[in-house]
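# Breakdown of the fold
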Amino acid sequence: VWLQAQSNLAKVLTHQTYTTWIEPIRFAGTRNNTLLLEAPNLFIRERVRESYLPMILESVRSLTDSHFQVELQIAAKPQEKTHKSSRKTNSGNELQEVDPEKPAPVEFSTNLNTKYTFETFVCGGSNQFAHAAAQSVANNPAGKYNPLFIYGGVGLGKTHLLTAIGNQVLAKNRKARVCFYTSEKFMNELINCLRYQKMDQFRNKFRKMDLLLIDDIQFIAGKERTQEEFFHTFNALYESHKQIVVTSDKFPKDIPGLEERLRSRFEWGLIADIQPPDTETKVAILRKKAENDGILLPDEVALFLASSASTNVRELEGMLIRLGAVSSLTGKNITLDMAREVLKDIIVDKTKEVSVEMIQKYVADHFNIKVADLKSDKRTKALVVPRQIAIYLCRDMTKASYPDIGDKFGGKDHSTIIHSVKKVDKLLTQDFELKNTIETLRKGLLS
Ligand code: ADP
Ligand code: MG
């Protein structure tokens with residue numbers, strides 16, 4: 001809950017406020033109906049209590065849906081040390097107990113792509129929760145979050161994070177038995193072993209892992225034998241305190257054909273989602289990638305790519321690679337004009353034109369009201385907020401001017417429109433439920 005609350009808070013606070021005051025706060029446990037949090041020192045605690053506690057409380061309550069209290073304590077020891085000592089005493093974690101002299105009995109390949117590490121992963125609001133969860137698991141396998149289930153849309157970094165966990169565990173302990181499998185590869189290997197009567201070998205191999213990473217688990221849905229075998233592998237690993245991490249494009253409940261017993265096991269641990277990145281995160285990812293690949297990418301071009309409708313990071317990377325290739329083949333630096341020219345098919349296609357009418361209809365449907373009411377002057381609360389949101393989105397997502405928007409909202413004065421936009425702008429800095437609503441509407445309109 002705290003990780004999710006943090007990630008929600010990150011979306012509404014400025015980056016600096018967030019990293020200074022909220023990020024250092026750790027989850028310390030629960031007591032009755034109280035979430036115990038820990039600040040690293042008195043200074044931070046006092047400041048957070050004064051300025052951010054109401055927000056934290058609201059955020060936690062919105063997630064727990066109950067009358068949760070929040071108590072902010074001061075960490076007993078500096079957090080680094082607490083962390084390390086708790087790891088040492090965690091005897092259930094056999095990762096640290098692997099005898100470094102004894103080689104792993106079964107030969108296997110880790111299948112890890114060494115490019116995908118935490119260093120090359122850009123953390124932003126959209127993936128912060130999954131990123132924090134993945135790091136926690138990599139630093140403390142079979143600790144608090146087992147299994148870890150990461151889900152999210154295509155090209156949003158699931159495979160990257162999953163692999164990063166494996167790479168980090170191996171970086172800390174070269175002898176750790178880590179392996180990465182797509183669920184298809186798992187299935188193919190199973191089929192082969194069944195055919196050649198090598199099931200002992202199969203079981204031996206998977207059940208001796210310290211860390212098992214399965215990518216795109218949704219593909220085993222509907223495959224009876226594979227689910228059965230995975231179920232036993234899961235149990236064997238879980239019971240011997242070994243970490244399991246899986247990814248999926250959907251929430252466990254939403255995977256059709258997934259056995260109930262597997263679904264419930266996935267819910268034993270932590271489920272973390274990755275959302276489509278916002279523009280800022282997209283720019284940061286592009287910058288990092290350009291830097292790694294030695295591509296000179298001007299800021300305005302990065303912004304141009306990032307503001308294209310695509311939220312699929314793989315597609316963004318594809319655009320960058322294409323620009324890099326054109327630049328090196330022609331010997332010219334990348335410019336905005338070049339980007340426009342080279343990517344004209346992709347970016348124009350993807351930029352969906354949204355009209356005032358579309359927004360009105362969409363917002364009205366969302367709030368279950370009539371478009372006519374949205375355009376009217378009625379001042380009931382149930383109408384005022386949706387109306388302001390719709391106006392705000394029109395200003396934000398279309399090229400319509402204030403007077404244009406006024407016209408289309410039943411002939412309102414342009415100052416009324418300006419007032420609405422300003423009002424929402426102001427509320428957005430405080431009200432993160434509103435922020436979420438607007439983001440949801442925006443995404444819906446673009447998809
Ligand atoms: P998924 O498995 O969710 O479909 P991938 O993990 O394969 O997505 O990511 C697609 C590409 O985008 C990869 O090259 C990955 O390195 C890159 N990528 C995704 N998210 C990030 C991020 N936050 N920072 C850096 N690169 C990212
Ligand atoms: Mg993937």
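The rules we used
- Residues numbered from 1 in each chain as written.
- Chains lettered and ligands numbered in written order.
- Predicted model: local features only at pLDDT ≥ 70, side-chain atom pairs only at ≥ 80, totals over all residues.
- Heavy atoms only, no water.
- Helix = DSSP H or I, 4+ residues; strand = E, 2+ residues; numbered from the N terminus.
- Expected span 1.5 Å × (residues − 1).
- Buried < 20%, exposed > 50% of the residue type's maximum accessible area, 1.4 Å probe, protein only.
- Contact = heavy atoms within 4.5 Å.
- Pairing = 2+ DSSP bridges.
- Axes fitted to C-alpha atoms, helices over the stretch in contact; angles between N-to-C directions.
- Near = heavy atom within 4 Å.
- Areas by Shrake-Rupley, 256 points an atom, 1.4 Å probe, with all protein chains shown as cover.
- Nonpolar A, V, L, I, M, F, W, Y, C, P; charged D, E, K, R; others polar.
- Core = buried A, V, L, I, M, F, W, Y, C linked by side-chain atoms within 4.5 Å.
- pLDDT = per-residue confidence, 0-100.
- Parallel < 35°, antiparallel > 145°, perpendicular 65-115°, else oblique.
- Left-handed = near helix turned anticlockwise from the far one by under 90°.
- Salt bridge = Lys/Arg side-chain N within 4 Å of Asp/Glu carboxyl O.
- Polar contact = N/O pair within 3.5 Å; in protein donor to acceptor, adjacent residues only side chain to side chain.

## A look at helix α10 (residues 224-239)
Across its 16 residues, α10 extends 23 Å between first and last C-alpha, which sits within 8% of the 22 Å expected from 1.5 Å per residue. If you check which residues of α10 are buried, you get T226, Q227, E229, F230, F231, T233, F234, N235 and L237. Among the structural elements, α8 (183-195), α9 (199-207), β6 (211-215), β7 (243-248) and α11 (260-266) are those in contact with the buried residues of α10.

## Comments concerning the sheet that holds strand β1 (residues 26-31)
Pairing is mixed in the open sheet, where three strands are placed in the order β1-β2-β3. In this open sheet, the two edge strands, each paired with only one partner strand, are β1 and β3 (69-74). Recorded for the sheet is a direction-independent mean angle of 30 degrees between the axes of neighbouring strands. As paired strands, strand β2 (residues 34-39) and β3 are joined by six bridges and run parallel to one another. Within the sheet, the bridge partner assigned to L37 lies in β3 and is L72. The strands that helix α3 (residues 42-51) touches are β2 and β3; relative to β3, the one it contacts most, it runs at about 155 degrees. Each of β2 and β3 touches helix α4 (residues 53-64); the most contacted strand, β3, lies at about 130 degrees to it.

## A word on the site of ligand 1
In the vicinity of ligand 1 there are 17 residues, among which V122, G155, T159, H160 and E317 approach most closely. In isolation ligand 1 offers 550 Å² of accessible surface; the protein chains occlude 92% of this area. Going through the elements one at a time, α7 (158-172) and α14 (313-330) are the ones with two or more residues in the shell around ligand 1. Its residues placed into classes, the shell around ligand 1 shows seven nonpolar, seven polar and three charged.

## Remarks on the nonpolar core
Membership of the largest hydrophobic core comes to 29 residues, with the highest contact counts inside it found for L148, L161, I165, V178, L213 and V245. Of all elements in the fold, only α6 (128-139), β4 (148-152), α7, β5 (178-182), β6 and β8 (270-274) reach the threshold of two or more residues within this core. If sequence neighbours within four positions are ignored, V245 has contacts with V137, L148, I150, L162, I165, L211, L212, L213 and I214.

## Some details on the sheet that holds β6
Read from one edge of the open sheet, five strands run β5-β6-β7-β4-β8, paired in parallel fashion. The outermost strands of the open sheet, each flanked by one partner alone, are β5 and β8. This sheet shows a mean twist of 15 degrees between the axes of neighbouring strands, independent of strand direction. With four bridges connecting them, β4 and β7 associate as parallel partners. Counted as the bridge partner of F149 is V246 from β7. Relative to the sheet, α8 contacts β5 and β6, its axis offset from that of β5 by approximately 95 degrees.

## With respect to the confidence of the model for the protein
Mean pLDDT for the protein: 87, with 91% of residues reaching 70 or above. Below a pLDDT of 50 lies the segment residues 78-106, which in the model reaches 33 contacts outside its immediate sequence neighbourhood of four places, other chains included. Here the complex is predicted with pTM 0.60, and the ipTM for its interfaces comes to 0.99.

## Describing the packing of α6 against α7
Packed helices, taken two at a time, are described by the angle their axes make and the gap between the axes. For the pair α6 and α7, interaxial distance at closest approach is 9 Å and the crossing angle is 25 degrees. Taken together, the axis directions place α6 and α7 in an arrangement best described as roughly parallel. Taken as a pair, α6 and α7 cross one another with a handedness that is right-handed. Two secondary-structure elements touch here, α6 through A130, H131, A134, V137, A138 and N139 and α7 through L161, I165, Q168, V169 and K172. Among the residues making up the contact of α6 with α7, the classes are represented as seven nonpolar, three polar and one charged.

## Here we look at the pattern of salt bridges
With the rule as written, the count across this model stands at 20 salt bridges. K242 serves as the salt-bridge partner of D210, at 3.3 Å between the closest nitrogen and oxygen. Of this pair, D210 sits in the loop between α9 and β6 while K242 sits in the loop between α10 and β7, and the two are 32 residues apart along the sequence. Taking relative accessible area as the criterion, K242 reaches 8% and is therefore assigned buried. Salt bridges linked by common partners bring R203, R207, R225 and E229 together as one network.

## Re the side chain of E229
Structurally, E229 is set in helix α10. Residue classification places E229 among the buried residues on the basis of a relative accessible area of 1%.

## Re the side chain of R263
You can see R263 is positioned in helix α11. With a relative accessible area of 17%, R263 lands in the buried category. Among the polar contacts made by the side chain of R263, one reaches the side chain of E260 at a distance of 2.7 Å. Excluding anything up to four places from it in sequence, R263 contacts P252, K253 and L258.

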